[in-house]
Amino acid sequence: MAAKLRIKCPHCGEVNNFGSVNDTCPKCNKPLGLEEEGSIYIYRQGSPYGIAGGFGLFINEQPHGYIGNKELLRIPVKFGTYNIHSAVGMSRKCKDLQVTVTPENPVVYTKVYIKPGFWTNSFVVEYVDPKLLDL
Ligand SMILES: [Zn+2]
């Protein structure tokens, strides 16, 4: 499964998919110039309860665009601790996941899915076995 590289431009904040961390931002035309130390993979698990549209993604409360059904994203990051949150429209309940990217553990693999509830659905972000992602 090919992961899409999802980057929030450090200059203007525009979120896009890119081919490399050395690409140029289509909005502000500046080179991203990202210092990539590690990666967070986020996979959206397919679900029969489908919300057809994308799930909104938030890393440390910063919007990082949307993730489509069965989409796999790779977000390059520096070492540190990151909170991953998902939300769509009125469905804002989410069991967030905190991940820590370190030199010993530079790549983390996560998935997001919807847990159906009686009144509202809630999102769950949790770790996933990278073997299941078929990278
Ligand atoms: Zn930009």
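All figures in this text were calculated on a predicted structure; none of them were measured in a lab. (Residues numbered from 1 in each chain as written. Predicted model: local features only at pLDDT ≥ 70, side-chain atom pairs only at ≥ 80, totals over all residues.)

## Here we look at the overall build of the chain
In step 1: Across its full length, the chain carries zero helices and eleven strands.
In step 2: When the helices and strands of the chain are placed in sequence order, the string is β-β-β-β-β-β-β-β-β-β-β.
In step 3: Its C-alpha radius of gyration of 15 Å places the chain within 12% of the 14 Å reference for a compact globule of 135 residues.
In step 4: Overall, the C-alpha framework of the chain stretches about 45 × 35 × 25 Å when taken along its three principal axes. (Helix = DSSP H or I, 4+ residues; strand = E, 2+ residues; numbered from the N terminus. Rg over C-alpha atoms; globule rule 2.2 N^0.38 Å.)

## Brief notes about the pairing of strand β4 (residues 55-59)
In step 1: Note that β4 and strand β5 (residues 62-67) share four bridges and pair antiparallel. In the sheet register, I59 faces β5, and the bridge partner there is Q62.
In step 2: Hairpin geometry of β4 and β5 is characterised by an intervening segment of two residues between the two adjacent antiparallel strands and by a positive phi of about 50° at N60.
In step 3: For β4 and strand β7 (residues 80-87), the ladder comprises four bridges, and the chain directions are antiparallel. Note that in β7 the partner of I59 across the bridge is I84. (Pairing = 2+ DSSP bridges.)

## Observations regarding the sheet that holds β7
In any sheet, the strands associate via hydrogen bonds between backbone groups, in a parallel or an antiparallel arrangement.
In step 1: Judged by pairing direction, the sheet is antiparallel, and its four strands sit side by side in the order β5-β4-β7-β9 without closing on themselves. Strands with a single pairing partner mark the edges of an open sheet, and in this sheet they are β5 and β9 (97-101). The average angle at which neighbouring strand axes cross in this sheet is 30°, direction not considered. (Axes fitted to C-alpha atoms, helices over the stretch in contact; angles between N-to-C directions.)

## Looking at the environment of K70
In step 1: Looking at the element boundaries, K70 is found in the loop between β5 and β6 (72-77).
In step 2: Note on K70: 11 C-beta atoms within 10 Å, which makes it exposed.
In step 3: The spatial distance from the C-alpha of K70 to the C-alpha of S47 is 8.8 Å, given a sequence separation of 23 residues.
In step 4: Residues contacting K70, with those up to four places away along its chain left out, are R44 and G46. (Buried ≥ 20, exposed ≤ 12 C-beta atoms within 10 Å, placed from the backbone. Contact = placed C-beta atoms within 7 Å.)

## Quick notes on the environment of C12
In step 1: Take C12: it is sitting in the loop between β1 (4-8) and β2 (15-18).
In step 2: Residues C12 and F79 lie 67 residues apart in sequence; the distance between their C-alpha atoms is 22 Å.
In step 3: Once residues within four sequence positions are removed from consideration, C12 is found in contact with C25, K27 and C28.

## So, the sheet that holds strand β3 (residues 38-44)
In step 1: In spatial order, the strands read β2-β1-β6-β3-β10-β11-β8; together these seven strands make up an open sheet with mixed pairing. The open sheet terminates on both sides in strands that have one partner only, identified here as β2 and β8 (94-95).
In step 2: In terms of strand pairing, β1 meets β2 through four bridges, oriented antiparallel. Among the inter-strand pairings, K8 is bridged to a residue of β2, identified as V15.

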